[in-house]
Amino acid sequence: MSIIRAVIKNYRALKSADVRFLNGINVVVGDNEAGKSTLLEAINLALRGQLNRRAVQYELHPFLINVDAVSEFIEAHRQGNPIAPPKISIEVFLAETPDVAVLRGSMNSEKVDACGVSLTICFDEAFQAEFTAYVADPEALNSVPIEYYKVVWESFAGASLSARSIPLKTALIDPSNISNSYAANKYVLEIVRDYLTKPQSVALALAYRSMRGEFEDDARIKEINADLAAKQGVVSDKVLSVAMDTTTRASWETGVLPHLSSIPLTLVGKGEQNSVKIKLAIEAAESCDLFLMEEPENHLSHTNLGRLVSHLAERCKGKQLIVSTHSSFVLNKLGIDRVMMFNGINAVTLDDLPADTKSYFQRLPGHDTLRLILASRSILVEGPSDELIVQKGFRQRHGSLPLEQGVEVIAVGTSFKRFLDIARLLQLDVSVVRDNDGDPDGKKALFVDYEADETIHIHIDGDANARTLEPQLIKANGLQKLNQMLGTDFTNKAEMSDHMQANKTDTALTLFESSDALTIPGYISDAIR
Amino acid sequence: MTQSGNRVVLAAAGSGKTTAAVKLACENPEKRTALITYTLNGRNELEARAYREFGAIPPQVNISTWYTFVLAHFVRPYQNHLHERRVDTINFERAPASRRRFRKSQVARYYFSSAARIWSDRATDFACSLIDETGGLPVSRIQGIFDRVIVDEAQDLAGWDLELIEHLLKSAVEVVLMGDHRQATFSTNDNPKNRQFSGEKIIDKFAAWERHGLVQTAHQSHSHRCVQGICDFADQFFPDCEPTTSQNQAFTGHDGVYLIRQADVKRYVETFAPQTLQWSKTGGARVGSPLNFGDSKGMTFERVLIYPHAKFREFLGSGRMELGGQSKTKTYVAMTRARQSVAIVVPNNFTPKVGEVFEFDN
């Protein structure tokens, strides 16, 4: 059993998202604000009806609804063109198998015949009168009336759902969200409880209960209670005594603390805690079909992360794993072909890429692509010397290095088109800076496919005599200026050019570090903007 | 043709039909089975039998009422092809005349009493419209969920129910219809569709399906419950049916069907302690805690005492069977409730053509 698609409307950061998933491993990457965690949370919500490990009915708050949708609602009422209160809708489509056939139907937003579940958080018409009063004064409106909202959880067959009625079992593993030690304990204990077999948990509960009994039978406690009994009439007419809490809420979970090598879990290092939580959760969730995991890299050293990710890949075989990460290491280890580049609206997998580009990146270390995807803008250059000149030019223009402004400068060799294929799918803002190699028209023609892409900008200089970066720099700055900056005394441009090209990176570094201003060739300057 | 095993099982009263249905559903863990009956009482009875016989309702078995089944699998899953608002419930009231003039194309007003409530006698009509509208999606869906559908009390199916059953008969799902047209006492459905097959005449529909190769008919013509005397007497109501063979060999010294003079009723009740059954509350004082004929369906008593209605009494006097419709089927039900004896109350001066008047020995 696996999920194949999630369609999300108005849930927190996700105004409207439509994401498709692969069988097996999916690695969700995206910007900090893209809503990766929200995506995982939404899927878990629709499949389990839970938020923060509690039934969603008890966890409703106004900020669950997308802020833009809320503003539209408020604005519409203020403008005198009122609209219905916004609603959250999460639809999860499942791959059709006999186990989930009962979830099949067309009761989804697209009216398509599919297996799936939908969770809607919407205004409850039972509160029409209250709502009328609520919107009576549009100027005072500042939120949605979440207290008049209800949760509707149904299959695509229109049947009301309970956690038991969804055959696909999901585990959300989000250790990073657990801030205080009490919650961490509770989390681990829940996992331990899930892990124990039925007889084991009965034995544990019995042992705990009889331990409480022994407490009361202890001679010292009996003595104390006898003493307290003598106080009858002082604090109450009834007999006062002490005993272990035997109410139902005092189950073993509240009195037992998990230990690692005899050290209470809460006192073990954060990284180890995290790793234990993830591994325990996976063991406990043996019967799960889908794991949703947030940023397993948190608090872990490189080696430990390596071990954890190998463990993950091993234990989740045959199941579906959706993991969000900021770590290129996690991505590389789990397989770059499983990457899902999520931008808050849709997700592009490398499956959508041209086949040759896909296999190219499967062989390539992943981090270059992640940089491209996560940057607000990228400038693609050929090599380190181009990169240094772009960096210098950028700092001269904007007063700070590109990275500080979210602009990545990435040296891609001659693989421009591979990166542009990704950029095109994600509509990333990308500028290409490339030598004309003495054939401006021929080089420009290489990029003719991308002319229609508004976010892709190609910068190749038209002067066939200035074939590469170095002649271009000489042309822009003159021999004297460069001699001065480089500490050389070449008497003609050809010699200077040969020198610079023979020592590409060194000369570029010297120019970059020089406090003197460098005139940036036009085609590079255009790319810097 | 009926390679899928579709069948109609015509079961005489007391033949253990309900138990057979439960066993059929529960015994094979490989076959995902929907076990369906018409009424809530019937469903409770099926559940109780499953617990009694198997200790639990096995996971492959889903027991529900007909309407729950229709709503869950034939109305809601694709309803938005005809009606957006989720259908929450069935409206079991009779649609008022003012609501009956709408055309089918006026979907919301034709089928629904309010946006979320569908008229009970139009629910299966709506289901069949959805099947047409979606090119059969609900049928293809149910094939993925159940291997077999067993309908207990199948004689209660009426109107568009029969069309929906026909869709199932033509699907890959195995359909087993268990029932007894002689006990067709239940009528919630006044949809004009298939009126010619209402009540006991549903047997004609079963026969038509058999002619078209959609089902095979099997008979369970034995009764575990009633002694032979009771079987023979009740069989007079349906002379065209196979005679019922009793498998009740118990002998109490007072077994079979008797007519009891009004004057002897008190003493008879003191002697034999029968359960009183009546056609309806009207018609004078009754002894004991009487049950109406229709309500006694599915029940078993050691002995019963029946207060007949006028037509029944006339039959006893003339020997001419002029009962029809529910007065016939409900009387058949009442007659077949007892294991050992049925006593029918007659006037003191009654001269019977059918049956013998019981005389106390002293």
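Every chain is numbered independently, its residues counted from 1 as its sequence is written. As a convention, the first chain written is A and the first ligand written is 1, with the rest following in written order. Totals for whole chains, interfaces and linings use all residues, but because this is a predicted model, local features are given only for residues with pLDDT of at least 70 and pairs of side-chain atoms are given and counted only at 80 or more. With hydrogens and water excluded, all non-hydrogen atoms of the structure serve as input to the side-chain values.

1. Concerning the overall build of chain A
And step 1. Only DSSP runs of H or I covering at least 4 residues are called helices, and only runs of E covering at least 2 are called strands; the numbering of each starts at the N terminus. When helices and strands are tallied, chain A shows 20 helices and 20 strands.
And step 2. The buried label applies to any residue whose accessible area, calculated with a 1.4 Å probe on protein chains only, is under 20% of its type's maximum; exposed applies above 50%, and partly exposed to all values in between. For chain A, the proportion of its 529 residues judged to be buried stands at 49%.
And step 3. Residue contacts are defined here by distance: any two heavy atoms, one from each residue, within 4.5 Å place the two residues in contact. Considering only contacts in chain A between residues 6 or more positions apart, those separated by 24 or more positions represent 73%.

2. As for the sheet that holds strand S3 (residues 61-65) of chain B
All names here are of chain B.
And step 1. Here the rule is simple: two strands pair whenever DSSP picks up at least two bridges between them. Across the sheet, which stays open at both edges, the 6 strands sit in the order S3-S2-S7-S8-S1-S9 with parallel pairing between neighbours. Two strands close off the open sheet at either side, each with one partner strand: S3 and strand S9 (216-220). Ignoring which end each strand starts from, the neighbouring axes of this sheet average 15 degrees apart.
And step 2. As paired elements, strand S1 (residues 7-11) and S9 share 5 bridges and run parallel to each other. For Leu 10, the partnering residue across the bridge sits in S9 and is His 219.
And step 3. Contacts from helix H2 (residues 40-54) reach strand S2 (33-37) and S3, with the element oriented near 155 degrees to S3.
And step 4. Lines fitted to the C-alpha atoms define the axes, with helices restricted to the stretch that makes contact. Angles between their N-to-C directions range from 0 to 180 degrees. In this fold helix H8 (residues 202-211) packs onto S1, strand S8 (174-179) and S9, with an angle of close to 145 degrees to the strand it touches most, S1.

3. A look at the interface of chain B and chain A
Interfaces are often sized by the amount of accessible area the parts lose when they come together.
And step 1. Each partner contributes to the interface: chain B provides 16 residues, whereas chain A provides 17 residues.
And step 2. Here's the idea: put two parts together, see how much 1.4 Å probe accessible area each one loses, and the total over both is what we call buried area. Across the interface of chain B and chain A, roughly 1,200 Å² is buried in total on both sides, 45% from carbon and sulfur atoms.
And step 3. It is B:Asn80, B:Arg86 and B:Arg141 that lose the most area in chain B upon contact with chain A, and together they represent 39% of the buried surface on that side.
And step 4. Just to be clear on terms, a salt bridge is a Lys or Arg side-chain nitrogen sitting within 4 Å of an Asp or Glu carboxyl oxygen. Counting every contact that joins chain B to chain A gives 2 salt bridges.

4. Considerations on the confidence of the model for chain A
And step 1. Looking at chain A as a whole, its pLDDT mean stands at 85, while 89% of the residues score no less than 70.
And step 2. As a per-residue quantity, pLDDT reports the predictor's confidence and falls between 0 and 100. Highest mean pLDDT in chain A belongs to strand S6 (residues 88-94) of chain A (98); lowest belongs to helix H4 (residues 181-195) of chain A (64).

5. Side note on the nonpolar core
Residues and elements named next belong to chain A.
And step 1. Only buried residues count toward a nonpolar core, which is a set of Ala, Val, Leu, Ile, Met, Phe, Trp, Tyr and Cys residues joined through side-chain atoms within 4.5 Å. In terms of nonpolar packing, the biggest core is built from 54 residues, with Ile 3, Ile 43 and Leu 47 touching the most fellow members.
And step 2. Per element, the largest residue contribution to this core is 7 residues, and it comes from helix H1 (residues 36-48).
And step 3. Residue contacts for Ile 3: discarding those within four places in its chain leaves Phe 21, Ile 43, Leu 47, Val 92, Phe 93, Leu 94, Leu 168, Leu 290, Gln 320 and Ile 322.

6. Re the pattern of salt bridges
And step 1. Scanning the model with the defined rule gives 35 salt bridges over all chains in all.
And step 2. For A:Arg12, the salt bridge identified is with A:Glu41, shortest N-O distance 2.6 Å. With A:Arg12 in the loop between strand S1 (3-11) and strand S2 (14-20) and A:Glu41 in helix H1, this pair connects stretches of sequence that are 29 residues apart.
And step 3. Between B:Glu47 and B:Arg43 there is a salt bridge whose closest N-O contact spans 3.7 Å. On the criterion of helical spacing, the pair formed by B:Glu47 and B:Arg43 is a turn pair, its members being 4 residues apart in helix H2.
And step 4. On the basis of relative accessibility, which here comes to 23%, the residue B:Glu47 falls in the partly exposed class.

7. Some details on the sheet that holds strand S4 (residues 89-91) of chain B
The pairing of strands in a sheet comes from backbone hydrogen bonds and takes either a parallel or an antiparallel form.
Residues and elements named next belong to chain B.
And step 1. Taken in spatial order, the 3 strands make up an open sheet running S4-S6-S5, and their pairing is mixed. Of all strands in the sheet, those bounded by a partner on one side alone are S4 and strand S5 (112-114). Within the sheet, the average angular offset between the axes of one strand and its neighbour, ignoring direction, is 40 degrees.
And step 2. Relative to strand S6 (residues 117-119), S5 runs antiparallel, the two being bridged by 2 bridges. Bridge pairing in S6 places Phe 112 opposite Ile 118.

8. Points about the environment of A:Val339
And step 1. Within the secondary structure, A:Val339 sits in strand S15 (residues 339-342).
And step 2. For the pair A:Val339 and A:Ile25, spaced 314 residues apart in sequence, the C-alpha separation works out to 8.6 Å.

9. Here's the deal with the side chain of A:Thr38
All names here are of chain A.
And step 1. Inspection of the secondary structure puts Thr 38 in helix H1.
And step 2. On the basis of relative accessible area, Thr 38 is assigned to the buried category, the value being 12%.
And step 3. The contact partners of Thr 38, leaving out residues within four places of it in the chain, are Tyr 11, Arg 12, Ala 13 and Leu 14.

10. Overview of the packing of helix H3 (residues 66-75) of chain B against helix H7 (residues 161-169) of chain B
All names here are of chain B.
And step 1. H7 packs onto H3 with a crossing angle of 60 degrees between their chain directions and a minimal axis gap of 13 Å. When the axis of H3 is compared with that of H7, the two are oblique. Considering how the two elements wind past one another, H3 and H7 form a crossing that is left-handed. Residue-level contacts link Trp 66, Phe 69, Val 70 and Phe 74 of H3 to Asp 161, Leu 164, Ile 165 and Leu 168 of H7.
And step 2. Split into classes, the residues belonging to the contact of H3 with H7 amount to 7 nonpolar, no polar and 1 charged. Should an angle fall under 35 degrees it is taken as roughly parallel, and over 145 as roughly antiparallel, whereas 65 to 115 is taken as roughly perpendicular and any remaining angle as oblique. Left-handed describes a crossing in which the near helix is turned anticlockwise from the far one by less than a right angle; the clockwise case is right-handed. Amino acids outside the nonpolar list (Ala, Val, Leu, Ile, Met, Phe, Trp, Tyr, Cys, Pro) and the charged list (Asp, Glu, Lys, Arg) are all regarded as polar, and Gly is one of them.

11. A word on the packing of aromatic side chains
And step 1. Any two rings among Phe, Tyr and Trp, with Trp reduced to its six-membered ring, count as a pair given centres within 6.5 Å; such a pair is stacked if its planes are under 30 degrees apart, edge-to-face if over 60, and tilted if neither. In total, this model carries 24 aromatic pairs over all chains according to the counting rule given.
And step 2. Taking the centre distance of 5.3 Å and the plane angle of 80 degrees together, the rings of B:Phe112 and B:Phe126 count as edge-to-face. Residue B:Phe112 is found in strand S5, and its partner B:Phe126 is found in helix H5 (residues 123-133); the two are separated by 14 residues along the sequence.
And step 3. Cluster of aromatic residues (ring-pair linked, three or more members): B:Tyr258, B:Tyr268, B:Phe272, B:Phe358 and B:Phe360.
And step 4. Only when the NZ of Lys or the CZ of Arg is both within 6 Å of the ring centre and within 35 degrees of the ring normal is a charge said to sit over the ring. Here A:Arg395 stacks its cationic end above the ring of A:Phe512, 4.8 Å away from the centre of that ring.
And step 5. Residue placement shows B:Arg267 over the ring face of B:Phe360; its charged tip is 4.1 Å from the ring centre.

12. Observations concerning helix H17 (residues 479-486) of chain A
Given 3.6 residues to a turn, an α-helix orients residues that are three or four positions apart in the same direction.
Residue and element names in this part refer to chain A.
And step 1. Of all the positions in H17, only Leu 479, Leu 482, Asn 483, Met 485 and Leu 486 are classed as buried.
And step 2. Of the surrounding secondary structure, the elements contacted by the buried residues of H17 are helix H13 (384-398), helix H16 (469-477), helix H18 (493-502) and helix H19 (504-513).
And step 3. Just downstream of H17 lies Gly 487, where phi reads positive at about 70 degrees.

13. Quick word on the confidence of the model for chain B
And step 1. Confidence along chain B averages 92 in pLDDT terms, with 98% of residues attaining 70 or more.
And step 2. With pTM at 0.76, the complex prediction returns an ipTM value of 0.81.

14. So, the side chain of A:Thr120
And step 1. With respect to the element layout, A:Thr120 can be found in strand S8 (residues 114-123).
And step 2. Excluding residues within four positions of it along the chain, A:Thr120 makes contact with A:Lys87, A:Ile88, A:Ser89, A:Lys150, A:Val151 and A:Val152.

15. Some thoughts on the pairing of strand S19 (residues 430-434) of chain A
Consecutive residues of a regular strand have side chains that alternate between opposite faces of the sheet.
All names here are of chain A.
And step 1. Within S19, 5 of the 5 residues are buried, which leaves the element mostly enclosed by the surrounding structure.
And step 2. On S19, burial covers both faces: Val 430, Val 432 and Arg 434 on one face and Ser 431 and Val 433 on the other are all buried.
And step 3. Alignment of strand S17 (residues 377-381) against S19, held across 3 bridges, turns out to be parallel. Residue pairing across strands places Ser 378 opposite Val 430, the latter belonging to S19.
And step 4. Pairing geometry for S19 and strand S20 (residues 456-460), over 5 bridges, is parallel. Bridge assignment links Arg 434 to a residue of S20, and that residue is Ile 460.
And step 5. The path from the first strand over the helix to the second decides the hand: if it runs clockwise while the strands point away from the viewer, the crossover is right-handed. The β-α-β motif built from S19, the intervening helix H15 (residues 440-445) and the parallel element S20 has right-handed crossover chirality.

16. Quick look at unusual backbone geometry
And step 1. Of note, the phi angle at A:Lys111 is positive, near 55 degrees, even though the residue is not glycine.
And step 2. Within the chain, B:Glu153 stands out as a residue other than glycine whose phi angle is a positive 55 degrees.
And step 3. Inspection of the secondary structure puts B:Glu153 in the loop between strand S7 (148-151) and H7.
And step 4. Judged by relative accessible area, which is 15%, B:Glu153 ranks as buried.

17. Describing the pairing of strand S13 (residues 275-278) of chain B
All names here are of chain B.
And step 1. Burial along S13 is two-sided: Gln 275 and Leu 277 facing one way and Thr 276 and Gln 278 facing the other are all buried.
And step 2. Pairing geometry for S13 and strand S15 (residues 301-307), over 4 bridges, is parallel. Following the sheet pairing, Thr 276 is matched in S15 by Leu 305.
And step 3. Where S13 and strand S14 (residues 291-292) come together, 2 bridges link them in parallel fashion. Bridge pairing links Leu 277 to Leu 291 in S14.

18. Focus: the packing of H16(A) against H17(A)
Residues and elements named next belong to chain A.
And step 1. One can describe the packing of H16 onto H17 by two numbers: an axis separation of 7 Å at closest approach and a directional angle of 110 degrees. Our classification of the angle between H16 and H17 gives roughly perpendicular. Contacts between H16 and H17 involve Leu 473, Ile 474 and Asn 477 from the first element and Leu 479, Lys 481 and Leu 482 from the second.
And step 2. Taken together, the residues of the contact of H16 with H17 sort by class into 4 nonpolar, 1 polar and 1 charged.

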